[in-house]
Amino acid sequence: MPGDRPMSVDVHEVTELAGYQTVFRQLIQKSVEERRGSMDMGFDFHRGWNGGWRCRVTAPSGAALDFALLLLEGVTPVAVPVPMPQGWRSRGVAAADGRRLTSTSDGALELISTP
């Protein structure tokens, strides 16, 4: 990436979930497994206060993490934990096309790598 500096990205909340549940479930599973290893998780898709879709993931221990379901540049699915845990920020999360995004301390999303 030129200059190795994060770049801001254009993301939009998913307002119509039809056809996206499987890809978001896979993205979330991959993000969690990168950090915690393989585990069974419960997925609860629901609308957020602003009308965008979210997914609450629950581990067998009862721990839960919420993900905002977004479209990068309006077309590429990416699931971002809200708020993003500090330990996840250096590596970020993968979008469906392999790009990786992170969240700044104020919640802004930045692109940190491309495939």
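It should be emphasised that the depicted structure is a prediction, and the values quoted were computed from it without experimental measurement.

Draft legend 1. The arrangement of the sheet that holds strand β7 (residues 93-94) in detail. Pairing in this open sheet of 4 strands is antiparallel, and the strands run β1-β9-β8-β7 from one edge to the other. Each edge of the sheet is formed by a strand with only one pairing partner; in this case those strands are β1 (7-8) and β7.

Draft legend 2. Just the nonpolar core, in detail. With 27 residues, the main nonpolar core has F24, I28, F67 and L69 as its most contacted residues. For this core, the secondary-structure elements that each account for two or more residues are α1 (21-36), β4 (53-58), β5 (64-72), β6 (76-81) and β9 (109-113). The greatest single-element share of this core, amounting to 6 residues, is contributed by β5. With near-sequence residues (within four places) excluded, I28 lies in contact with F43, C55, V57, F67, L69 and A79.

Draft legend 3. Seen up close, the packing of aromatic side chains. For the structure shown, the criterion picks out 2 aromatic pairs. Judged by centre distance (6.2 Å) and plane angle (55°), the ring pair of F67 and W88 falls under tilted. Note that F67 is positioned in strand β5 and W88 in the loop between β6 and β7, a separation of 21 residues in sequence. Looking at F67, the relative accessible area reads 0%, which means it is buried. The cationic tip of R25 hangs over the ring face of F43; the distance from NZ or CZ to the ring centre is 5.6 Å. Sitting over the ring of W88, R35 keeps its end group 4.0 Å from the ring centre.

Procedures and definitions
Residues numbered from 1 in each chain as written. Predicted model: local features only at pLDDT ≥ 70, side-chain atom pairs only at ≥ 80, totals over all residues. Heavy atoms only, no water. Pairing = 2+ DSSP bridges. Helix = DSSP H or I, 4+ residues; strand = E, 2+ residues; numbered from the N terminus. Core = buried A, V, L, I, M, F, W, Y, C linked by side-chain atoms within 4.5 Å. Buried < 20%, exposed > 50% of the residue type's maximum accessible area, 1.4 Å probe, protein only. Contact = heavy atoms within 4.5 Å. Phe/Tyr/Trp six-rings, centres within 6.5 Å; stacked < 30°, edge-to-face > 60°. Lys NZ or Arg CZ within 6 Å of the ring centre and 35° of its normal.

Everything listed here is a matter of geometry and, on its own, says nothing about what the molecule does.
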